[in-house]
Amino acid sequence: MLAFDFHSPVEKLQLPAFEGKNVHVYVKRDDMIHPFISGNKWRKLKYILQHARGTGSNHLVTFGGAWSNHLIATACAGARFGFSTSAFVRGEAVSNPVLSLCRLFGMELMFVSRDAYKSKTALYHTFSTAHAEKTYFIDEGGRDEKATWGCAEVIDELDQPYDHIFCACGTGTTLAGLSLGVQKKQLATKLHGISVLKNGGFLYGDIAKLISDTSNITLHTDYDFGGYAKSDDVLLSFIRKFCAQTGMLIEPVYTGKLFYAVMDLLAKNHFREGDKVLVIHTGGLTGILGMHDQLTPPITPQP
Ligand SMILES: *Cc1c(COP(=O)(O)O)cnc(C)c1O
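What you are looking at is a predicted structure, and each value in this text was computed from that prediction instead of being measured.

Comments concerning the pairing of strand 5 (residues 108-112)
At step 1: Summarising the sheet, strand 4 (residues 84-90) and strand 5 pair through 5 bridges and their orientation is parallel. Bridge pairing in strand 5 links Ala87 to Leu109.

Here's the deal with the side chain of Asn40
At step 1: Topologically, Asn40 is positioned in helix 1 (residues 39-54).
At step 2: Once you skip the residues sitting within four places of it in the chain, Asn40 turns out to touch Thr174 and Thr282.

Here's the deal with the sheet that holds strand 6 (residues 135-137)
Sheets are built from strands that pair by backbone hydrogen bonding, the pairs being arranged parallel or antiparallel.
At step 1: Pairing within the open sheet is parallel, and its 4 strands lie in the order 5-4-3-6. Each edge of the open sheet is held by one strand with a lone partner, namely strand 5 and strand 6. Direction aside, neighbouring strands of the sheet carry axes that sit 25 degrees apart on average.
At step 2: Across 6 bridges, strand 3 (residues 59-64) lies against strand 4 in parallel orientation.

Describing the pattern of salt bridges
Between side chains of opposite charge, a pair can form as their charged atoms come close.
At step 1: Tallied over the entire structure, the rule returns 13 salt bridges.
At step 2: For Lys118, the salt bridge identified is with Asp115, shortest N-O distance 3.3 Å.
At step 3: Overall, the relative accessible area of 65% leaves Lys118 in the exposed class.
At step 4: Since its relative accessible area comes to 56%, Asp115 is described here as exposed.
At step 5: Residue Glu140 pairs with Lys120 through a salt bridge whose shortest N-O separation is 3.7 Å. Here Lys120 lies in helix 5 (residues 120-129) and Glu140 lies in the loop between strand 6 and helix 6 (145-156), a separation of 20 residues in the sequence.
At step 6: By relative accessible area, Glu140 is classed as partly exposed at 26%.

Definitions and cut-offs
- Residues numbered from 1 in each chain as written.
- Predicted model: local features only at pLDDT ≥ 70, side-chain atom pairs only at ≥ 80, totals over all residues.
- Heavy atoms only, no water.
- Pairing = 2+ DSSP bridges.
- Helix = DSSP H or I, 4+ residues; strand = E, 2+ residues; numbered from the N terminus.
- Contact = heavy atoms within 4.5 Å.
- Axes fitted to C-alpha atoms, helices over the stretch in contact; angles between N-to-C directions.
- Salt bridge = Lys/Arg side-chain N within 4 Å of Asp/Glu carboxyl O.
- Buried < 20%, exposed > 50% of the residue type's maximum accessible area, 1.4 Å probe, protein only.

Here it is in structure tokens:
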């Protein structure tokens, strides 16, 4: 079986801000699934890799930016489950800690211009005809209907019902999968996506392409902090405080915005007395390696 035999734990979050609010906030620690095949990237890859294996493929070819959580997950999962891996990386050749980890896991990196990157199927076709191995195309971020099946399994692992479940949204695939899982079990849970991209309203349309019924989904589009990978002092100081108060790491691109949004909605009394809220920690903590200087400003020399 091509999988990890591991259910991520659910932890109750205790923060001073919850005092006086009768709302119970829990975190599904998908960041603990694996340090590199982390969180939703494993959930999304699971059935894609099973399909790749089923078609007899032995070489995964995928796409991403230079700090992509999907690239490192694919590199590590490929190594772990016996596939070789290659990736087209958007933009000029660079080196950074995430790409170094990808290479350590044996991934071949090919840097392509932003223009060439737009034609993913053309890049894949050229690559695959030049290679004797049986290659398998995995879209950027693991975007695929099969990815929603793995994300739906988050719901199967829960041992109590929740009134609200929150996750961060890039492509919306994870949220679509969670919605699928909730529908399958006929739960009344409301699903909330926090868009990390600017003007994330378009995500409703993208999610509707993956699942037929989106009626249990609400998108929150005012927590993007200026857009993808953008942040400001408010977000960064929230993250610092949160990490120090909980012992749980979050980062500025996805989970920082997610937890900021949940805490803000709580402060604005969005929830009802007694509500149980589950926040999905989708991992991606290697992103901190690219932002450590913003997150923790330089230490000034002692006089
Ligand atoms: C990729 C990623 C997301 C976004 O997932 P989508 O399925 O594209 O919406 C959320 N959180 C983390 C940590 C990620 O790496």
